[in-house]
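The chain contents come next:
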Amino acid sequence: VVGGGGVALVRGVPVAGLGKVERCAAALALGRAMGRLLPQNIQGHVLGHVADLGRDASHPEHRLYATRAAQPYHTDTADVVGLLCLRPAAQGGLSSCCSSV
């Protein structure tokens, strides 16, 4: 990943016995090991939670990652993007990626 376009899959990050704060710290530590942490939104958050919070996907101020709607392929404004799965989704939850390189 460091030398160019690519994908790395890391399995077995031990989050099962950790509390919410410790899981967040682990995600931030993994991200920091790959580079500088940058804000994800206008509020300046460097960590976001992808979960169905019951938000309306058609509302212009609601982020799709807080709804049950599928996200289309999109670009993130970062060189490295990470996802840390805390538990399998009850339904759906499929992640995929593609490259234009």
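By convention here, each chain's residues receive numbers from 1 onward along its written sequence. Under the rules for a predicted model, residues below a pLDDT of 70 receive no local features and side-chain atom pairs below 80 are neither given nor counted, while totals for whole chains, interfaces and linings still include all residues. Excluding hydrogens and water, the side-chain values take into account all heavy atoms of the structure.

A. Representation of the overall build of the protein in the model. A run of H or I in DSSP becomes a helix once it reaches four residues, and a run of E becomes a strand once it reaches two; helices and strands are each numbered from the N terminus. A tally of regular secondary structure across the protein gives 1 helix and 0 strands. Along the longest, intermediate and shortest principal axes, the C-alpha atoms of the protein span 40 × 40 × 30 Å. Relative to its 101 residues, the protein shows a buried fraction of 5%. Put simply, 23% of the contacts in the protein that link residues at least 6 apart link residues at least 24 apart. All accessible-area figures derive from a Shrake-Rupley calculation using a 1.4 Å probe, and residue coverage is judged against the displayed protein chains alone. When the accessible surface of the protein is split by element, carbon and sulfur atoms take 56% of a total near 8900 Å². Counted charges follow a simple rule, with Lys and Arg positive, Asp and Glu negative, and His plus the chain ends left uncounted. Charged groups are reduced to one reference atom each: NZ for lysine, CZ for arginine, CG for aspartic acid, CD for glutamic acid. Put simply, the protein has 9 plus and 6 minus side-chain charges, and the middle of one group is 7 Å from the middle of the other. The rule is simple: take the accessible area with a 1.4 Å probe, protein chains only, and divide by the maximum for that residue type; under 20% is buried, over 50% is exposed, in between is partly exposed. Every residue pair with non-hydrogen atoms within 4.5 Å of one another is taken to be in contact.

B. Here's a closer look at the side chain of Asn41. Along the chain, Asn41 falls in the segment after helix 1 (20-34). Since its relative accessible area comes to 17%, Asn41 is described here as buried. Between N or O atoms, a polar contact is any pair within 3.5 Å; within protein, one atom must be a potential hydrogen donor and the other a potential acceptor, and residues adjacent in sequence are included only when both atoms are from side chains. A polar contact is formed between the side chain of Asn41 and the backbone nitrogen of Gln43, at a distance of 3.0 Å. In contact with Asn41, other than residues within four places in its own chain, are Arg63 and Tyr65.

C. Local environment of helix 1. Here helix 1 contains 15 residues, and its C-alpha end-to-end distance of 22 Å stays within 8% of the 21 Å for a straight helix at 1.5 Å per residue. Positive backbone phi, approximately 160°, marks Gly35, located one or two places after helix 1. Residue count minus one, scaled by 1.5 Å, sets the expected span of a helix.

D. Spotlight on the pattern of salt bridges. Criterion for a salt bridge: a side-chain nitrogen of Lys or Arg within 4 Å of a carboxyl oxygen of Asp or Glu. Tallied over the entire structure, the rule returns 1 salt bridge. Asp52 is paired through a salt bridge with Arg68; the nearest N and O atoms lie 3.3 Å apart. Of the two residues, Asp52 is situated in the segment after helix 1 and Arg68 in the segment after helix 1; the sequence distance between them amounts to 16 residues.

E. Looking closely at a nonpolar patch on the surface. Taken together, the side chains of Leu30, Met34 and Val80 make up a nonpolar region of the molecular surface, amounting to roughly 260 Å² of accessible area. Here Val80 falls in the partly exposed class, since its relative accessible area comes to 38%. Exposure above 30% relative accessible area and the absence of a salt bridge qualify a residue for a patch, where like charges join within 9 Å and nonpolar side chains (Val, Leu, Ile, Met, Phe, Trp, Tyr) within 5 Å.

F. Structural detail: the environment of Gly54. Structurally, the position occupied by Gly54 is in the segment after helix 1. Between the C-alpha atoms of Gly54 and Ala29, which are 25 residues apart in sequence, the distance is 29 Å.

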